[in-house]
Amino acid sequence: MNKAALPIFARLHALQTVARVAPGGSRVIATLSDASPLAALLCEVNETVLGRTLAFESSVGASLTLEVSGRRVLRVVAASGLPDAESCLAAAALEDEHKDDLIKLMQAVAPPRHELRVLATPMTRDVDGVSVGLPVALLADLLLINLNPLEGDLPAGPSTPRPAPDVVARPTPRPVTYQPGDDRPVTAPPRLSARLGVGAAAKPEPEAETPATDQEEGAGTDVQGAGSFLITLSRGIGADLMAWLIVGGESDGATDGPEEMVSHLQGFLADEGEALAAQFDQLSTEAGKDMCIVLGASLDTGHSILCARSGPGVLLGVIEGDATQTVLRAWVSAGAAQG
Amino acid sequence: MAISDSLGAVIKAFPQTRVVAFADLSSRMILASQGRDDVTQEFLDQLCQQARTSFDDPLFSLSVEAFGEPHSALVIGPDGVRVFLRSENEPADALCCVCDHSIDLPGFVAKIRETLDKISAGA
């Protein structure tokens, strides 16, 4: 079986089970017969990409309310009937130092052979500026819980509300491999904004700005392969593209912008190159065609991430300001220049 | 104003728009759409999936770490421009749009953000 399909089969399997709705609109995600309600709790977090407040309530009488987004636990909002919750409750955003305390809370609210319910509601606060929280993949790894229950063999039948992930006892840490779409632990805290030297509302240091004339004339000290589509695209965006680099293709190694920012973008591509390629493939409507993705809080203010692929080359950069004004125009111009 | 009227107003204001659709990203469903006649249900399903992919890792993580949670995505290809906007108040609510390259993008993004806010607010 293709490993990439495992999460899909797991989800389909879960959808075929009979939904059990508890009073108040919550859902039963583990029953008295479940050996690992904790795995069901982690699965619920793992399936939460968009920001949600998840309120878990156990038949032991304890409850734990978490803010979850991007398969990460951002914050503990409330805890009832659980000991030693103070440190997590006091944290505006969960950091690595809180992981052991959070795991204890999760274990306490989801003991074996007890019913566990969840109520998911939209997050009521703005999460902009909140750091990354704790990835569920990291928590699952520490708890020796496999979030892909169908790996190896299909389960016998839908006897539980959702497929109960295996709890695997591993005497030694296993090498972790990630499939596209899996969550990946953050490898290099602190926040990238700090590492990139910019904040949500930060303006670039004067010396950090790339002189427009350099880009227009192709005179950036590191710019190579001046004729490629990606180079033409970067020039077309101009000084708003405050830091960028190209990996692969005829312009491999071309960079511009503050060295520290470029270095961190380079690290991201080195770590996430395969996953990024998969994301491009999923968005591509025509295999092998050039594509550009811009992701930002609003696109027209603040900062945005730009990522473009042309053949084997990938351009990754940070745009400051109104990306809607520049990127499409530069894309059309670059396409025309390439004929 | 009915949701179909709100989406229709976008098409009317920006004729380069091929389709504009309101989606619930959590259930992966397009709930309403307006656009050209040749838009199929399969295309809308694919568009909704692309919206989810746009707001997924690894670029989602990069954006979150750097600047906060992204609510806007732009995907440009040789066949056109796709714009995905998520509501800041109701993160599962999203507008998914496909446009020609000739679109006035700044004006279009402002228009669909206003439209999404109204739809999410129930106005």
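Because the structure is predicted, anything quoted here is derived from the model rather than measured. (Residues numbered from 1 in each chain as written. Chains lettered and ligands numbered in written order. Predicted model: local features only at pLDDT ≥ 70, side-chain atom pairs only at ≥ 80, totals over all residues. Heavy atoms only, no water.)

*Asks:* Just checking my understanding: could you explain the overall build of chain B for this structure?
*Replies:* Across its full length, chain B carries four helices and five strands. Reading the helices (α) and strands (β) of chain B from amino to carboxyl end gives α-β-β-α-α-β-β-β-α. Counting the 123 residues in chain B, one finds 56% classified as buried. If you take every contact in chain B between residues at least 6 apart in sequence, the share linking residues at least 24 apart comes to 51%. Roughly 4,600 Å² of accessible area belongs to chain B as shown, and the carbon and sulfur atoms make up 48% of that amount. (Helix = DSSP H or I, 4+ residues; strand = E, 2+ residues; numbered from the N terminus. Buried < 20%, exposed > 50% of the residue type's maximum accessible area, 1.4 Å probe, protein only. Contact = heavy atoms within 4.5 Å. Areas by Shrake-Rupley, 256 points an atom, 1.4 Å probe, with all protein chains shown as cover.)

*Asks:* Explain the interface of chain B and chain A here, please?
*Replies:* In many reports, interface size means the accessible area that the parts give up when they come together. With 43 residues of chain B at the contact, the number on the chain A side is 60 residues. For the pair chain B and chain A, the interface holds two salt bridges. Across the pair D56(B) and R71(A) runs a salt bridge, and its minimum N-O distance is 3.3 Å. Where chain B meets chain A, there are 15 residue pairs in polar contact (both at pLDDT 80 or more). Elements that contribute at least two residues to the side of chain B that touches chain A include exactly α2 (41–54), α3 (59–67), β3 (72–77), β4 (80–86) and α4 (105–120) of chain B. Looking at which element gives the most residues to the side of chain B that touches chain A, the answer is α3(B), with nine residues. Here strand β9 (residues 291–296) of chain A runs beside β3(B); their pairing, made up of five bridges, is antiparallel. By the bridge assignment for β3(B), L295(A) is matched with A73(B). (Salt bridge = Lys/Arg side-chain N within 4 Å of Asp/Glu carboxyl O. Polar contact = N/O pair within 3.5 Å; in protein donor to acceptor, adjacent residues only side chain to side chain. Pairing = 2+ DSSP bridges.)

*Asks:* When you look at the packing of helix α9 (residues 259–283) of chain A against α2(B) in this model, what are you seeing that I'm missing?
*Replies:* Helix packing for two helices is described by the angle between their axes and how far apart those axes are. Running from N to C, α9(A) and α2(B) point in directions that differ by 160°, and their axes come no closer than 9 Å. Classified by the interaxial angle, the pair formed by α9(A) and α2(B) is roughly antiparallel. The two elements α9(A) and α2(B) cross, and the hand of that crossing is left-handed. Contacts between α9(A) and α2(B) pair Q279(A), Q282(A) and L283(A) from the former with Q50(B), T53(B) and S54(B) from the latter. (Axes fitted to C-alpha atoms, helices over the stretch in contact; angles between N-to-C directions. Parallel < 35°, antiparallel > 145°, perpendicular 65-115°, else oblique. Left-handed = near helix turned anticlockwise from the far one by under 90°.)

*Asks:* When you look at the pattern of salt bridges in this model, what are you seeing that I'm missing?
*Replies:* When their charged atoms lie close together, side chains carrying opposite charge are able to pair. All names here are of chain A. Across all of its chains, the model carries 12 salt bridges over all chains by this definition. For R27, the salt bridge is made with E44, and the minimal N-O distance between the two is 2.5 Å. In this pair, R27 is assigned in strand β1 (residues 27–30) and E44 in helix α2 (residues 37–46), connecting sequence segments 17 residues apart. Using a relative accessible area of 32% as the deciding quantity, one classes R27 as partly exposed. E44 gets classed as buried once you look at its relative accessible area, which sits at 6%. When the shortest N-O distance is used, the salt bridge between D281 and R309 registers 3.0 Å. Of the two residues, D281 is situated in helix α9 and R309 in strand β10 (residues 303–310); the sequence distance between them amounts to 28 residues. The exposure class assigned to D281 is partly exposed, which follows from its relative accessible area of 48%. Judged by relative accessible area, R309 falls into the buried class, the value being 14%.

*Asks:* Sorry, what's going on with the nonpolar core here?
*Replies:* Most often, soluble globular proteins have nonpolar side chains that are buried together. In terms of nonpolar packing, the biggest core is built from 44 residues, with L316(A), L25(B), L59(B) and F84(B) touching the most fellow members. Ignoring anything within four residues of it in the chain, the contact list for F84(B) reads L47(B), Q50(B), A51(B), S54(B), F55(B), H71(B), S72(B), A73(B), V75(B), L95(B) and C96(B). F229(A), L230(A), L233(A) and F22(B) belong to the second largest nonpolar core, which has 43 residues in total. (Core = buried A, V, L, I, M, F, W, Y, C linked by side-chain atoms within 4.5 Å.)

*Asks:* Can you help me understand the environment of A78(A) in this one?
*Replies:* All names here are of chain A. Mapping A78 onto the fold places it in strand β4 (residues 72–80). Along the sequence, A78 and C88 sit 10 residues apart, while their C-alpha atoms lie 9.4 Å from each other. Among all residues touching A78, those that are not within four sequence positions of it are S63, L64, T65 and L89.

*Asks:* Help me out: how do you make sense of the sheet that holds strand β1 (residues 17–24) of chain B in this one?
*Replies:* Backbone hydrogen bonds are what pair the strands of a sheet, in a parallel or an antiparallel way. The strand order across the open sheet formed by 10 strands is β8(A)-β7(A)-β11(A)-β10(A)-β9(A)-β3(B)-β4(B)-β5(B)-β1(B)-β2(B), and the pairing between neighbours is antiparallel. Looking along the sheet, the strands with just one partner apiece sit at the ends: β8 (255–256) of chain A together with β2 (29–35) of chain B. Pairing geometry for β1(B) and strand β5 (residues 93–99) of chain B, over seven bridges, is antiparallel. The residue bridging V20(B) from the neighbouring strand is C97(B), located in β5(B). In the packing of helix α10 (residues 323–338) of chain A onto the sheet, contacts are made with β9, β10 and β11 (313–320) of chain A together with β3 and β4 of chain B, and the angle to β9(A) comes to roughly 175°. With respect to the sheet, α2(B) is in contact with β9 of chain A together with β1, β2, β3, β4 and β5 of chain B, its orientation differing from that of β4(B) by roughly 65°.

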